[in-house]
Amino acid sequence: ELLDVVDCDARYAAAGVELCETVLGQFTAEGDYFTLSYRGQLGVFHFLAGQSDDGDRVLTELIRDHPDHAGGYAYLSDMLGIPRGGEFGSEPIDLPRAIGLLEAALARPVKDAADFELEVRLEDLRADRNGVTDDTPR
């Protein structure tokens, strides 16, 4: 729910950071799926709150700790592929790195690439790099 309203009010991103940190701190004995999900969302909320260094750190650590799961790669590539400052038409934060992350995940290969549609994400980022828009035939 918080992710859905961040576009309307960026203050919800800070609430998302707080929520994820609280949940991760209180439920330390949960399994990988739970932890992967909340750590991934924590990184995303940091980016959306304008804390890209913290978001990058959280998601890079997630990839390091769980290199065979697609979530960290997908979340970080999504955040690096968004326009700087969230302004439509702005350059992505780091498009080459976003593409490289997905290529690395697919080359491993990660266990759950299809669950995160890594190939679709990669195709979209490559299209962005090549200047293909939604109006441009592929």
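As the structure is a computational prediction, the values presented were derived from the model and not from experiment.

> Tell me about the pattern of salt bridges, and name the residues and values.
Counted by the stated rule, this structure contains 9 salt bridges. Two residues, arginine 11 and aspartate 9, come together in a salt bridge whose shortest N-O distance is 2.5 Å. You can call arginine 11 exposed: its relative accessible area is 65%. One salt-bridge network, in which partners are shared between bridges, spans Arg39, Arg64 and Asp65.

> Tell me about the packing of helix 4 (residues 52-65) against helix 5 (residues 71-81), and name the residues and values.
Across the interface, helix 4 lies against helix 5 with an axial gap of 8 Å and an inter-helix angle of 150°. Here helix 5 runs roughly antiparallel to helix 4, going by the angle between their axes. Pair helix 4 / helix 5 crosses with left-handed handedness. Contact residues: helix 4 offers Asp56, Leu59, Thr60, Leu62 and Ile63, while helix 5 offers Gly72, Tyr73, Tyr75, Leu76, Met79 and Leu80. Its residues assigned to classes, the contact of helix 4 with helix 5 comprises 8 nonpolar, 2 polar and 1 charged.

> Give me the lowdown on the nonpolar core, citing residues and values where you can.
Here is a general trend for soluble globular proteins: nonpolar side chains tend to be buried in one another's company. Counting residues in hydrophobic clusters, the biggest one holds 25 residues, and the most contacted among them are Leu59, Leu76, Val110 and Leu118. Membership of the second largest hydrophobic core comes to 7 residues, among which are Ala13, Cys20, Phe45 and Val58.

> So what's going on with the packing of aromatic side chains? Which residues, and what values?
In the structure shown here, the tally under the stated rule is 3 aromatic pairs. Between tyrosine 75 and phenylalanine 116, the aromatic rings sit 5.9 Å apart at their centres with planes inclined by 85°, giving edge-to-face as the arrangement. One end of the pair, tyrosine 75, is in helix 5; the other, phenylalanine 116, is in the loop between helix 6 (95-107) and helix 7 (118-129), and 41 residues separate them in sequence. Under the relative-accessibility criterion, tyrosine 75 is labelled buried at 15%. Among the aromatic residues, those joined into a cluster by ring pairs are Phe27, Phe34 and Tyr38.

Criteria and thresholds
Residues numbered from 1 in each chain as written. Predicted model: local features only at pLDDT ≥ 70, side-chain atom pairs only at ≥ 80, totals over all residues. Heavy atoms only, no water. Salt bridge = Lys/Arg side-chain N within 4 Å of Asp/Glu carboxyl O. Buried < 20%, exposed > 50% of the residue type's maximum accessible area, 1.4 Å probe, protein only. Axes fitted to C-alpha atoms, helices over the stretch in contact; angles between N-to-C directions. Helix = DSSP H or I, 4+ residues; strand = E, 2+ residues; numbered from the N terminus. Parallel < 35°, antiparallel > 145°, perpendicular 65-115°, else oblique. Left-handed = near helix turned anticlockwise from the far one by under 90°. Contact = heavy atoms within 4.5 Å. Nonpolar A, V, L, I, M, F, W, Y, C, P; charged D, E, K, R; others polar. Core = buried A, V, L, I, M, F, W, Y, C linked by side-chain atoms within 4.5 Å. Phe/Tyr/Trp six-rings, centres within 6.5 Å; stacked < 30°, edge-to-face > 60°.

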